There are 4 protein chains.
Amino acid sequence: MNIFEQIESDVRTYSRSFPVVFKRAQGAQLMTEDGREFVDFLAGAGTLNYGHNHPVLKKALLSYIEQDGLTHGLDMYSCAKREFLQTFHDLILTPRGFSDYRVQFTGPTGTNAVEAALKLARKVTGRSEIISFTNGFHGVSGGALACTGNQHHRGGMGASLADVTRMPFDGYLGDGVDTTEYLDKTLSDPSSGIDHPAAVIVETIQGEGGLNAASYAWLRNLQAVCRKHDMLLIVDDIQSGCGRSGHFFSFEEAGIQPDIITLSKSLSGYGLPFAVTIFRESLDQWSPGEHNGTFRGNNHAFITAAAAFRHFWSDDTFAKAVRRKAEKLRSGLQALIQRHGARDLILKGRGLMSGIECPNGELAERVVRLAFSKGLVIETSGAHGQVVKCLVPLVITDEQIEFGLKVLDQAFNQALSELSQQAS
Amino acid sequence: MNIFEQIESDVRTYSRSFPVVFKRAQGAQLMTEDGREFVDFLAGAGTLNYGHNHPVLKKALLSYIEQDGLTHGLDMYSCAKREFLQTFHDLILTPRGFSDYRVQFTGPTGTNAVEAALKLARKVTGRSEIISFTNGFHGVSGGALACTGNQHHRGGMGASLADVTRMPFDGYLGDGVDTTEYLDKTLSDPSSGIDHPAAVIVETIQGEGGLNAASYAWLRNLQAVCRKHDMLLIVDDIQSGCGRSGHFFSFEEAGIQPDIITLSKSLSGYGLPFAVTIFRESLDQWSPGEHNGTFRGNNHAFITAAAAFRHFWSDDTFAKAVRRKAEKLRSGLQALIQRHGARDLILKGRGLMSGIECPNGELAERVVRLAFSKGLVIETSGAHGQVVKCLVPLVITDEQIEFGLKVLDQAFNQALSELSQQAS
Amino acid sequence: MNIFEQIESDVRTYSRSFPVVFKRAQGAQLMTEDGREFVDFLAGAGTLNYGHNHPVLKKALLSYIEQDGLTHGLDMYSCAKREFLQTFHDLILTPRGFSDYRVQFTGPTGTNAVEAALKLARKVTGRSEIISFTNGFHGVSGGALACTGNQHHRGGMGASLADVTRMPFDGYLGDGVDTTEYLDKTLSDPSSGIDHPAAVIVETIQGEGGLNAASYAWLRNLQAVCRKHDMLLIVDDIQSGCGRSGHFFSFEEAGIQPDIITLSKSLSGYGLPFAVTIFRESLDQWSPGEHNGTFRGNNHAFITAAAAFRHFWSDDTFAKAVRRKAEKLRSGLQALIQRHGARDLILKGRGLMSGIECPNGELAERVVRLAFSKGLVIETSGAHGQVVKCLVPLVITDEQIEFGLKVLDQAFNQALSELSQQAS
Amino acid sequence: MNIFEQIESDVRTYSRSFPVVFKRAQGAQLMTEDGREFVDFLAGAGTLNYGHNHPVLKKALLSYIEQDGLTHGLDMYSCAKREFLQTFHDLILTPRGFSDYRVQFTGPTGTNAVEAALKLARKVTGRSEIISFTNGFHGVSGGALACTGNQHHRGGMGASLADVTRMPFDGYLGDGVDTTEYLDKTLSDPSSGIDHPAAVIVETIQGEGGLNAASYAWLRNLQAVCRKHDMLLIVDDIQSGCGRSGHFFSFEEAGIQPDIITLSKSLSGYGLPFAVTIFRESLDQWSPGEHNGTFRGNNHAFITAAAAFRHFWSDDTFAKAVRRKAEKLRSGLQALIQRHGARDLILKGRGLMSGIECPNGELAERVVRLAFSKGLVIETSGAHGQVVKCLVPLVITDEQIEFGLKVLDQAFNQALSELSQQAS
């Protein structure tokens, strides 16, 4: 028995799908210790938008470490933090109309950013109820978990899941029903049993929930309901942000302006733990140290994030390239659907956060297992694991997209054939 | 207005105490961008036990990055993770009787490890109540925050703070009272109103709570009460672990064996975000992926942690040196107390987690401010900020300890004189 | 200032609508101390189905008191309790297919019965979540209040409102939408964020919520969803039971069989405090004394309830008469609607739990105030107080119905005229 | 199988201890249907302070019913309510310094009064936390249950038990420890983990909890802590009030003035369901109808309560007689303890709420069973059922006290002898 199986907790999951030991990685390519190569259609579940170990970021990081740059400094001022704040402000926030938003460095992973967002919303409004949505995923620490839909993660948490009201996401009640109207109705009805919430938290594209993309109209209606009922709008852009949708923020095309935004995953650009919560200046009602965390200043991440902002977001070249590749990927997926079962397979998602919904989890599971055997690292999502999810690095090459699509095509072919044999 | 003040949230705190911009750091020394040098008696609030940018760890990290070693891999197997697991098992767990404990990689900061511990305890026992202690600090995400005593952090969290019962820590009810007897009585009394808890969570030395060190007898009694009432014992060793007490685990001398242990802060050794929760094999009842997190595999941290285990924990040389330095520091603090007010000042803590309790927060605050002006980075802790806390890097030199003690001596002198002038 | 205004809490409400002092009452007639007479279209909010001080019940009660019959006996056996149980079993439960249901004597008011029902459902299933509906009203003690929709009653109750998920009642999402399908979908979806509930609690006709009558098909679908997802179905028949719908239980025509039923209000028949919770024998998993209450054996109420069962429910004469009067009342209301605004006024409710929904609370309020001035005691209900609610005693005479309808007609006429003058 | 066993829920409890069917009752005497007579040392668990069916109250009630006095009237004004309010104000409140307290008619049983008290305290303070005490009993509806210590009643209630912090009652931490100091310390310590509470709820003599009488000094200290920390003091006087302690309110001798007081049980004087919550005028911040309940106006109870006030509380004759009987009873119990085991038996309680604590529940249980066989109705209380509780009617005759003491003496004699035989 190897040391992994010997002492790592049974909670480990990806190592079950990919039973190899990875050693090196570059761009969209993963290499195992025994020399096998894989194309990465998982990208750290959206953490590696710029691919593995991007050379520009790597160079900046190495230089910083070599000079004994401050690595850990709680939330003290550092040259690296200044560089992050300045480039974030100049290249990301200001061009998108968020120049006066405040940046809070939270604990270094998404759930920490969500916790800060929820706590701030409750503090500022003096209200405790939060609206979250069916199939939403916001992390697994107590406060965030209460907003997360997935029962698998929620089991046994008891009262700490209180103070959240679940509402149907866009499309949940069928095509004709605008679920923001139901939300509006319950909030307008003093006997609906729904207390006046502090905030709504929403993903514009639900990643773990199965690549459910909210329509822009629905997002605008949601913002309107928030304004009407004096609730804060929190967009959890942890998985869909940092360019994945084809824009830095996933909600840019919808034209909304959330009050609070959480970012993490690809924020450092290099796969380093890093998260921030940003919000309107007027909401910055924290007292000093009221919310804290040991790793709220990851200086290595400051360095790589700043390098990534300069390299990818100084103009719109990169975003345009992402949108072009998204079109290429989605066309390929659509063609695959046409070939293998237009009735049963559904194209999901938006931008480079797209995939195929299968009629059940068994097919999707089989597809991703077969794909792995053919050199593709890819995973499922959705309540029943029924969605084959393509979270490719945004820097992926056309050839790598084509390779992935070909592998998926073969995998669907084989999986459908096996399942039909099994059924007969 | 600089970019920090312009857009960083008002929640920032250490930058208020230390209004300089740090650039580089080495061992126990911090350097600002304008060339000032400080001795570090804060050590990232216990995150930098091996000092800043330790050369052995730095070399390993640089080499790994240069070779494009996998940086981010969710919880996939990697060579770096294997190295961490193997050294952790061989050099830390096995020699201390924990060879069969399981290791869960949680989100990369302490609060994530605590969340995992609480959720596992609740899942395994099927009960929801957790016992935590007055002045305990376990993090600020929802589940952990419920166990944290500090109101400043808890404000407005509503129901998500449910399912935790607070008990008095060792000494809280005065010298004659063993507070584990009160705990035992309430649990033996079916009408005490305290439900049968899943677990007790405790720090052996409360860091944020004011350097309150539980006696070894109290810890043993606490373990006995846990066994008697079939509750799990969780030791949160995030701040007091990794050698700070003079042993790797802070509870080694007490001779107890916790069911679950949380580690973070100095675990990576280099200040990188990293946390694990370890527990008895029999408690490893997680189903795959039941608890997750984007950054639960920080490969950079694996590399530096493994290097640190090899460098510092291959034999007992380091631990002995820590205990010797602790004696030196504590003697110095005791002498200072004798000089400045044996009646009002109290030596707190244990090992290199020691400090001086002042009669009020005003004096302590003044002392640390004056110390900073004299070249010492140091902070307060405790409910009223009344404890001057010396969390020095364990690799600190004797000269640096002496420098720090001298600065503190001067600072106390000056502060007491100022306050007495003010009063008259 | 009289003693009422001097020391009764401002929470008093009906005395504001009816600023007179009542002295005596008989059937559907109320008499004040200064000799004024009113017809009662309120009936103690459904507590006086057999009218005030019914002579048959009065005689039984007087005789019992005169003989020093046991008045208060906790839950000890008494002759009066035996009489209640036997007649309840023989005349009510057995003919309706509930012969093996168990009877729990709870605290003497509706909310106590609901608390017992919820606690039993949670205990038996080992689950804590309860589904309740928009505009539902189940009482104001902590557990029941959590299921109650009305914010006015819920203000400031914090965490004690946890563990309840609100679902849209029949019709809440518009005419085309069967809201039990939404419930079914969320329960079938492991990522909906709705935990597996212990039970659903529902009123078949929402009294306080505005006389919303669930369709029989919806009730059957609701029962089917409960069976499918292994949840208990609790019907709160406190206001709609004891004959008000035209049958003893309000759900008889729907053909469903709830697992748990709460009864109170008209159960004693004489307006005495009394409540029971009844449930399938298999659910009777209480241990002795696990749920208690000082007044769970109101022997006076046993006597009057048994007398009422014998007098009204020995055959179906009474129920038929109720249905005939309901038809008369509802035809009258419908005619009134035709006369005064078929577009804006809506006939609500079912049986002798009917009324008129106005476009706003202002009109309804004005109508009931004017009606009082003309000799009719009547009140509003609904989230906005927009429904004029006719909860007449079931023993009301045809003449009294006609009188009430005439008064309402005049009141609507005058109120609409006043409001239209005001608007112009 | 009789109808009781056939359909009454297994939750029934007193009928297990007293397996007879009671028919009539007078004063301290109970009569079964087969003609057996018992002396009542239970008094409806404190509900029958004036004995069963007191002739003065009976006469008033019969007269009221015969004249068709309003029985049920929600919270409408009635002649009967006026009579209650006036006599309560003139004979009870004013002489004791509560002339300006407001009276809220709540649901008709103790738990409803407690719910109103808690909700009001939370509303007025805007805070949710309530302090309650070990072994406290305040009822079994959701809000009150959260304050109740007994696990037997609390099982499975989940989150609805949130927002209550338990503190040790007087004596719980041993003789030397004033537990109000612990309360004061936690409230003064911003890191104790105890949030600023809305109120403290306390019984001056814990009835169900085992006849634990708080010392007057402790009660005064508790009031001082409440004033210091701006918390409301709620005295739950449901079981210990209405004269049982030798004064109308149980706290009169302690000289404290609670902000809120709950009364029920013996308030009607005749065993009829009735409860009120009274509070300082400044706390009467309810809006109309904000808290309601079907049976908050039990006019029969108004009549008997007013008659009881006039008959028993027009001067201090009755209270003096109670105190004299209490002395007689307690001397008798003390003598019994001397005879049967001064080392193991402890006199508990105060006034006519006194009893004997046994070393275990088995002895106490055996005593009360034997006593019943000898003609005495009496019960146990306490966390382990270890206290033989004498809740005699306050109108009990000296002969009946002597009879009861004699029966208890024999029962202890026989029980101790049986248990010692069993042990050998």
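This structure is a prediction, so every number in the text was calculated from the model and none was measured.

Structural notes on the relation of the copies chain C and chain D
Working step 1: Once chain C has been moved 0.0 Å along the axis and rotated by 180°, it coincides with chain D to within an RMSD of 0.0 Å. Here the copies are linked by what is in effect a two-fold axis.
Working step 2: When the interface residues of chain C are mapped onto chain D, 100% of them again fall at the interface, so both copies present the same face.

A few points about the domain arrangement of chain A
Size of an interface: often given as the accessible area lost when the parts come together.
Residue and element names in this part refer to chain A.
Working step 1: Per the domain assignment, the segments of chain A are domain 1 (3–54 + 317–423) and domain 2 (57–312).
Working step 2: Distance between the C-alpha centres of domain 1 and domain 2: 25 Å.
Working step 3: With 34 residues of domain 1 at the interface, the matching set in domain 2 holds 33 residues.
Working step 4: For the pair domain 1 and domain 2, the summed buried area comes to about 2,800 Å², and 53% of that belongs to carbon and sulfur atoms.
Working step 5: For the interface between domain 1 and domain 2, the tally reads one salt bridge.
Working step 6: Among the ionic pairs, Glu208 bridges to Lys389, the shortest N-O distance being 3.3 Å.
Working step 7: At the surface where domain 1 touches domain 2, the tally comes to 22 residue pairs in polar contact (both at pLDDT 80 or more).
Working step 8: Taken together, the elements giving at least two residues each to the side of domain 1 that touches domain 2 come down to helix H3 (43–46), helix H12 (317–341), strand S13 (346–350), strand S14 (353–357) and strand S17 (387–390).

A word on the interface of chain C and chain D
Working step 1: With 103 residues of chain C in contact, the opposing surface of chain D contributes 103 residues.
Working step 2: A buried area of about 9,700 Å², summed over both sides, lies between chain C and chain D, and 60% of it is on carbon and sulfur atoms.
Working step 3: Where chain C meets chain D, there are eight salt bridges.
Working step 4: Between chain C and chain D we count 56 residue pairs in polar contact (both at pLDDT 80 or more) in total.
Working step 5: Partitioning the side of chain C that touches chain D into residue classes produces 42 nonpolar, 38 polar and 23 charged.

Here we look at the pairing of strand S13 (residues 346–350) of chain B
All names here are of chain B.
Working step 1: Pairing of S13 with strand S14 (residues 353–357), which is carried by five bridges, proceeds in the antiparallel orientation. Bridge pairing links Ile346 to Glu357 in S14.
Working step 2: Here S13 folds back onto S14 in antiparallel fashion, the turn holding two residues, of which Gly351 has a positive phi close to 55°.

Focus: the side chain of B:Gln239
All names here are of chain B.
Working step 1: When you line up the elements, Gln239 lands in the loop between strand S10 (232–236) and strand S11 (260–263).
Working step 2: Residue classification places Gln239 among the buried positions, given a relative accessible area of 9%.
Working step 3: A polar contact is formed between the side chain of Gln239 and the side chain of Glu208, at a distance of 3.2 Å.
Working step 4: Not counting chain neighbours up to four residues away, the residues in contact with Gln239 comprise Ala45, Gly207, Glu208, Arg244, Lys265, Met353, Lys389 and Leu391.

Details of the environment of A:Ala415
Residues and elements named next belong to chain A.
Working step 1: One can find Ala415 in helix H14 (residues 398–423).
Working step 2: Take Ala415: its relative accessible area is 0%, and that puts it in the buried class.
Working step 3: Separated by 378 residues in the primary sequence, Ala415 and Glu37 place their C-alpha atoms 23 Å from one another.
Working step 4: Each residue touching Ala415, except ones within four places of it in the same chain, is listed here: Leu363, Arg366, Val367 and Leu370.

Quick look at the sheet that holds strand S6 (residues 164–167) of chain C
All names here are of chain C.
Working step 1: Spatially, seven strands are ordered S4-S12-S11-S10-S7-S5-S6 in an open sheet, and the strand pairing comes out mixed. In this open sheet, the two edge strands, each paired with only one partner strand, are strand S4 (102–105) and S6. Shown here is a sheet whose adjacent strand axes are inclined to one another by a mean of 20°, direction ignored.
Working step 2: Alignment of S4 against strand S12 (residues 276–279), held across four bridges, turns out to be antiparallel. For Gln104, the partnering residue across the bridge sits in S12 and is Thr277.
Working step 3: Contacting S4, strand S11 (260–263) and S12, helix H5 (residues 79–93) runs over the sheet at an angle of about 140° to S4.

Conventions used here
Residues numbered from 1 in each chain as written. Chains lettered and ligands numbered in written order. Predicted model: local features only at pLDDT ≥ 70, side-chain atom pairs only at ≥ 80, totals over all residues. Heavy atoms only, no water. Least-squares fit on C-alpha atoms with pLDDT ≥ 70 in both. Contact = heavy atoms within 4.5 Å. Domains from an automatic or database assignment. Buried area = accessible area lost by both parts, 1.4 Å probe. Salt bridge = Lys/Arg side-chain N within 4 Å of Asp/Glu carboxyl O. Polar contact = N/O pair within 3.5 Å; in protein donor to acceptor, adjacent residues only side chain to side chain. Helix = DSSP H or I, 4+ residues; strand = E, 2+ residues; numbered from the N terminus. Nonpolar A, V, L, I, M, F, W, Y, C, P; charged D, E, K, R; others polar. Pairing = 2+ DSSP bridges. Buried < 20%, exposed > 50% of the residue type's maximum accessible area, 1.4 Å probe, protein only. Axes fitted to C-alpha atoms, helices over the stretch in contact; angles between N-to-C directions.

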